[in-house]
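Results of the structural survey
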Amino acid sequence: MTSAFGDITLIAGTAHPELASSIADALGQPLAQARVARFSDGEVDIKLDEDIRGRDVFVLQPTCPPVNEAWVELLLLLDTLRRASAGRITAVIPYYGYARKDRKDEGRVPISAKVVANTIVASGADRVVTLDMHAAQIQGFFDIPVDHLYARPILLDEVVAMGLENPVVVTPDVGGTKMARAYAKRLNADLAIVDKRRISGTETTIEHIIGDVEGRNCVIVDDLISTGGSITQAASTLKAKGAKAIVIAVTHAVFCGPAVERLDAAPVDAILVTDSIPPKEPSPRKLKVCSIAPMVAETIQNIHFSKSVSSLFE
Ligand code: R5P
């Protein structure tokens, strides 16, 4: 494939090889040959085995756990490509780690999402593609183009196929209202908001539920599940308030700490996630993973040929 930026090249770090292969397959394009390994002291060791001079290069690397390893690999890949004279470099980051530290909400803390953005640009990215960032405003931390993709169409296909009658879309915290409203609009459904308060990094408490959930089929939507505390507490509260079926639709299955046990114990009928992050083993029993690879491949193709990306979500 050729465009004004040269032929397309795909290259992947080690964060999610299965997703990288699926994207490459969807594009009918092989991944570039490169060594992405470790020196004996643990430092990241990169060597590109192909000439990419003047090419339109897409680096595929979610910055998922182990986050710092994935992040440093991404930065060094970007630097390698810049020094090898790539025509244009796009960082494709299906999961943007550190996104939750996007503001100084107490004294003496960093704005980590901004540090990540600074380093990605400083290392050579010309543009960024990412998916359901914790806060869309993080795009403003970059002074280069950012294409922000949504998993909503992919997850909604599954929800619609379930044929839930009279559903209500629920956000497990006030910050997710905009996302939930977008799901509700597409489903032609009502909206409910869980008023969650965070006690610590791993503990939350629910104060109220705004909206009518009694006797209703609930679809809880969120950008990510980390320890599973927020979403499983929301599910239990909905059940206690008389909800019928409860379906979870979440973009990023970070699943750390007690997440799998909590999800298995929660009163939910289905858990829909994407493959933006490699699956955790063992995974929750009711999990269904929906692939973002076709959507990311189409995005890459549109960027390559200077076509609209937002049109994919209209
Ligand atoms: C919060 O603002 C996010 O959207 C998620 O709801 C939250 O980070 C999930 O964390 P956990 O699964 O640990 O409750």
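Residues numbered from 1 in each chain as written. Predicted model: local features only at pLDDT ≥ 70, side-chain atom pairs only at ≥ 80, totals over all residues. Heavy atoms only, no water.

Overview of the domain arrangement of the chain
Many descriptions give the size of an interface as the accessible area lost when the pieces come together. Here the chain is described as being made up of domain 1 (8-150 + 293-313) and domain 2 (152-290). Averaged C-alpha coordinates put domain 1 and domain 2 at centres separated by 27 Å. Taken together, the contacts link 16 residues of domain 1 with 16 residues of domain 2. Between domain 1 and domain 2 the total buried area reaches about 1,400 Å² when both faces are included, carbon and sulfur atoms providing 60% of it. Our count for the domain 1 to domain 2 interface comes out at 0 salt bridges. Across the contact surface, domain 1 and domain 2 share 7 residue pairs in polar contact (both at pLDDT 80 or more). (Domains from an automatic or database assignment. Contact = heavy atoms within 4.5 Å. Buried area = accessible area lost by both parts, 1.4 Å probe. Salt bridge = Lys/Arg side-chain N within 4 Å of Asp/Glu carboxyl O. Polar contact = N/O pair within 3.5 Å; in protein donor to acceptor, adjacent residues only side chain to side chain.)

Comments concerning the site of the ligand
Asp 222, Asp 223, Thr 227, Gly 228 and Ser 230 are the nearest of the 14 residues found near the ligand. Here Arg 100 contributes a side-chain N or O atom positioned 3.0 Å from an oxygen atom of the ligand. Within the side chain of Asp 173, a nitrogen or oxygen atom sits 3.2 Å from an oxygen atom of the ligand. Within the complex, the protein chains bury 91% of what would otherwise be the 370 Å² of accessible surface of the ligand. Looking at the shell around the ligand, the elements with two or more residues in it are strand S10 (190-198), strand S12 (217-225) and helix H6 (229-240). (Near = heavy atom within 4 Å. Areas by Shrake-Rupley, 256 points an atom, 1.4 Å probe, with all protein chains shown as cover. Helix = DSSP H or I, 4+ residues; strand = E, 2+ residues; numbered from the N terminus.)

A look at the nonpolar core
Within the largest apolar cluster, 42 residues are counted, with the highest numbers of intra-cluster contacts made by Ile 23, Leu 149, Val 169 and Ile 300. For this core, the element with the highest residue contribution is helix H8 (residues 293-304), accounting for 6 residues. Shared between two domains, this core holds at least three residues of each, these being domain 1 (8-150 + 293-313) and domain 2 (152-290). Apart from residues no more than four positions distant in its own chain, Ile 300 is found in contact with Ile 8, Leu 10, Ile 23, Leu 27, Phe 58, Leu 60 and Val 92. (Core = buried A, V, L, I, M, F, W, Y, C linked by side-chain atoms within 4.5 Å. Buried < 20%, exposed > 50% of the residue type's maximum accessible area, 1.4 Å probe, protein only.)

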